[in-house]
Amino acid sequence: MSIDSARLLQKKKKQILESWINSQLAEDALREDMISNDELRANSEELLDTLLPLLTPKNVAEGDVSVFDPVTELLSGIAITRAKQGFTPRETAFYVFSLKEVVLNILQNEVTDDPQGLYEESFRLNKIIDGFAVTIFETFIKGREEVILRQTDEIAEISTPVIRIWDGILALPIIGTLDSARTQVVMENLLEEIVATGSSIAILDISGVPAVDSLVAQHLIKTVSATRLMGAECIISGIRPEIAQTVVHLGIDLSSIITKSTLASALKHAFQILKLEVKKPGAKERPFINK
Amino acid sequence: MMIIALSKDIMQIIREQDVVPFRNRVKENAVKIKMSLLNQTKLITAASELVRNMLKYAGGGQTIIEIITKERLTGIRLTFADQGPGIPDIQQAMKDGYSTGKSLGLGLPGAKRLVNEFAITSEKGKGTTVIIIKWTNG
Amino acid sequence: MDKIPILRMGHFLLVTIQVDLYDQLALNLESDLVQMVNKTQAKGVLIDISAVSIVDSFMGRIIGNIASMSRILDAQTVVVGMQPAVAITLIELGLPLTGVHTALNVERGMTLLKEKILIGDYDEDDETGDDDNSAE
């Protein structure tokens, strides 16, 4: 004689729902700031309504995962939403594991006369629900990855400001690692700004770049060459002593590029190129700036 | 990881004057899927290199322009198939500065650098096929 | 056959490329321009490519050729108005066009040419012209 969990559990659906929700509410990890009780209840009830009728002796015995697809789908939706809302993996996993606990408890209370059958049925249900846990985990991580991807894009966008520091001189402070995707964005922004402002000198400040290896150096050289193709000059500033050391040790040739240690000296150099002079107003000669 | 083609456009290239219309067709497709201007430029430049190779070494051939999707990526796939003499040493041909004709030898390696995916097969006496993919934001 | 017009302005020749060139047209431009430099004894050639959306290795080579040939005929070449996307693509392609002078627009290009020619007058030996800009 096999136990019909579908019928048995469906009868007890109300009880399952209540205990499940209570168990979720009792858990310290529940984020009441992120999900309302009503929403939690609606979520949980929908899941039970989908899951319980599927737990027929046939489905449970055969262990065919595909019959539970509707449940998996629901869970994926919940996992993705939770990932985006910023739930922790523990909170998300607890959603499924707390259900397992409740279901197995009810089963134990109901089936009192058949320990062997109870054991076997519990074992099978365990397996099925564990499968759900794996699904929820996979989707949760996928959801988080999406968040990370979006943030990466955003960072690339906002982390390359082009500043017009003087008439005809642009400055571009680079903060963080310079990979090829980033270089692309830097180049694009810089060249477009050169066209928009009619600037003839760009200063690329790399004080905020943690390390320069041969790849980063290559990206810098590319940016400088592209700037020159546009008819503007590019100065690299913010070269720390350690960077100078690694560049030489790695045998990277930066001789085709104008490099300066500070943004200030790069600006001074730019003034020279543009034949500008900066003077104190007290000085006897001509005033402030002389073009 | 399935690639699905959403549209397919076949063009024969037999003379030099076919190149500009071909480039325009590639551009139309790239604009349709909202590819950024920079990526459009890279794709069309790569296409230009490959179509020129096809004309120069095989006297022309067939091109296929497809809009494709893979997971959440959208992009353009271009196929260049000719029935020319084939490339005897592909590894050599993929090196910068290598050229049998009087060019800069940037054609194949340059085109590869401009796109996201690049595949080349060649059989001596049968012809060469190059397939490139550029994703909208890749 | 189509032709790219070459305008003469004093000592300078001005070429504005308005269409995407196919190879023969580019080759014609190369030979026409060199002929013209010789005939007019021009001191400078200014090529405006602001309307060109694609420069591949062939076009790049033609531009390089024009610059080298003109230099032999004692004329400086400046390429102006390159689109940002074209510049980035050329770099990725591996074609930095070293040896070709560049400027942001026609006006800047003219200024650069005038400076180059002035320098050339004082210093006949300075034929290298490897730096892309008039810098310093």
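Anything mentioned here points back to the structure above.
This one's a predicted model, so the numbers in the text were calculated from it and none came from an experiment. (Residues numbered from 1 in each chain as written. Chains lettered and ligands numbered in written order. Predicted model: local features only at pLDDT ≥ 70, side-chain atom pairs only at ≥ 80, totals over all residues. Heavy atoms only, no water.)

**Student:** Looking at this structure, how should I read the overall build of chain B?
**Tutor:** Each helix and strand counted, chain B has 4 helices and 5 strands in total. Helices and strands in chain B line up, N terminus first, as β-α-α-β-β-α-α-β-β. The C-alpha radius of gyration computed for chain B amounts to 14 Å, which stays within 12% of the reference 14 Å derived for 138 residues, consistent with globular compactness. Projected onto its principal axes, the C-alpha positions of chain B cover 40 × 30 × 25 Å. Counting all 138 residues of chain B, 50% fall into the buried class. Long-range pairs, those at least 24 residues apart, make up 64% of the contacts in chain B with a sequence separation of at least 6. Looking at chain B as shown, the accessible area adds up to about 6,800 Å², and 53% of this sits on carbon and sulfur atoms. (Helix = DSSP H or I, 4+ residues; strand = E, 2+ residues; numbered from the N terminus. Rg over C-alpha atoms; globule rule 2.2 N^0.38 Å. Buried < 20%, exposed > 50% of the residue type's maximum accessible area, 1.4 Å probe, protein only. Contact = heavy atoms within 4.5 Å. Areas by Shrake-Rupley, 256 points an atom, 1.4 Å probe, with all protein chains shown as cover.)

**Student:** It is not clear to me how the pattern of salt bridges should be interpreted in this structure. Could you clarify?
**Tutor:** Two side chains bearing opposite charge may form a pair once their charged atoms approach each other closely. As enumerated under the stated definition, the model contains 22 salt bridges over all chains in all. Between Arg 124 of chain A and Glu 120 of chain A there is a salt bridge; the shortest N-O distance is 3.8 Å. Here Arg 124 of chain A pairs with Glu 120 of chain A, and both are found in helix H7 (residues 115–158), just 4 residues apart, close to one helical turn. Notably, a salt bridge pairs Asp 56 of chain C with Arg 23 of chain B, separated by 3.9 Å at the nearest N-O pair. Residue Asp 56 of chain C is located in the loop between strand E3 (44–48) and helix H2 (57–72), and its partner Arg 23 of chain B is located in helix H1 (residues 19–32); the two belong to separate chains. Of the two residues, Asp 56 of chain C and Arg 23 of chain B, both sit in the buried class. Here the residues in one salt-bridge network are Arg 23 and Arg 52 of chain B together with Asp 23 and Asp 56 of chain C, joined through shared partners. (Salt bridge = Lys/Arg side-chain N within 4 Å of Asp/Glu carboxyl O.)

**Student:** What is the right way to look at the pairing of strand E1 (residues 6–9) of chain C in this model?
**Tutor:** One face of the sheet, then the other: side chains in a regular strand alternate in exactly this way. Of the pairings in the sheet, the one linking E1 of chain C to strand E2 (residues 12–16) of chain C comprises 4 bridges and is antiparallel in character. Of the residues in E2 of chain C, the one forming a bridge with Met 9 of chain C is Phe 12 of chain C. (Pairing = 2+ DSSP bridges.)

**Student:** Looking at this structure, I do not really get the sheet that holds strand E4 (residues 76–80) of chain C. What am I missing?
**Tutor:** What holds strands together in a sheet is hydrogen bonding between their backbones, with the strands either parallel or antiparallel. Residue and element names in this part refer to chain C. Ordered in space as E1-E2-E3-E4-E5, the 5 strands form an open sheet in which the pairing is mixed. The open sheet terminates on both sides in strands that have one partner only, identified here as E1 and strand E5 (101–103). Neighbour-to-neighbour, the strand axes of the sheet open up by a mean angle of 25°, direction not taken into account. Running over the sheet, helix H1 (residues 23–40) touches E1, E2 and E3 and is turned about 160° from E2. (Axes fitted to C-alpha atoms, helices over the stretch in contact; angles between N-to-C directions.)

**Student:** Quick question: what am I supposed to make of helix H5 (residues 69–85) of chain A here?
**Tutor:** Along an α-helix, residues three or four apart share an orientation, since each turn contains 3.6 residues. Residue and element names in this part refer to chain A. Between its terminal C-alpha atoms H5 stretches 24 Å, which fits the 24 Å expected from 17 residues at 1.5 Å a residue. For H5, the complete set of buried residues consists of Val 71, Thr 72, Leu 74, Leu 75, Ser 76, Ile 78, Ala 79, Arg 82 and Ala 83. Immediately beyond the C-terminal end of H5, within one or two residues, lies Gly 86, with a positive phi of roughly 95°. (Expected span 1.5 Å × (residues − 1).)

**Student:** Could you clarify how one ought to interpret the sheet that holds strand E5 (residues 258–259) of chain A in this entry?
**Tutor:** All names here are of chain A. If you trace the 5 strands from one edge of the open sheet to the other, you get E1-E2-E3-E4-E5, paired in mixed fashion. Across the chains shown, the open sheet's two edge strands, defined by having one partner strand only, are strand E1 (163–166) and E5. Of the strands in this sheet, E1, strand E2 (169–175), strand E3 (201–208), strand E4 (233–237) and E5 are in contact with helix H11 (residues 263–273), which crosses E3 at around 170°.

**Student:** Please explain the packing of aromatic side chains as it appears in this structure.
**Tutor:** Note on aromatic pairs: each is described by the distance of the centres and the angle between the planes. Residues and elements named next belong to chain A. Inspection of the entire model under this criterion finds 5 aromatic pairs over all chains. Ring plane angle 25° and centroid distance 6.3 Å describe the contact between Tyr 119 and Phe 123, whose orientation is recorded as stacked. Here Tyr 119 and its partner Phe 123 are both found in helix H7, 4 residues apart, which amounts to about one turn of the helix. Between Trp 166 and Phe 271, the aromatic rings sit 4.9 Å apart at their centres with planes inclined by 75°, giving edge-to-face as the arrangement. Of the two residues, Trp 166 sits in strand E1 while Phe 271 sits in helix H11, which places them 105 residues apart along the sequence. Its relative accessible area of 9% is what places Phe 271 among the buried residues. A cation over a ring is seen here: Arg 82 above Phe 87, with NZ or CZ 4.8 Å from the ring centre. The ring of Tyr 95 has Arg 82 lying over it, and the distance from NZ or CZ to the ring centre is 4.8 Å. (Phe/Tyr/Trp six-rings, centres within 6.5 Å; stacked < 30°, edge-to-face > 60°. Lys NZ or Arg CZ within 6 Å of the ring centre and 35° of its normal.)

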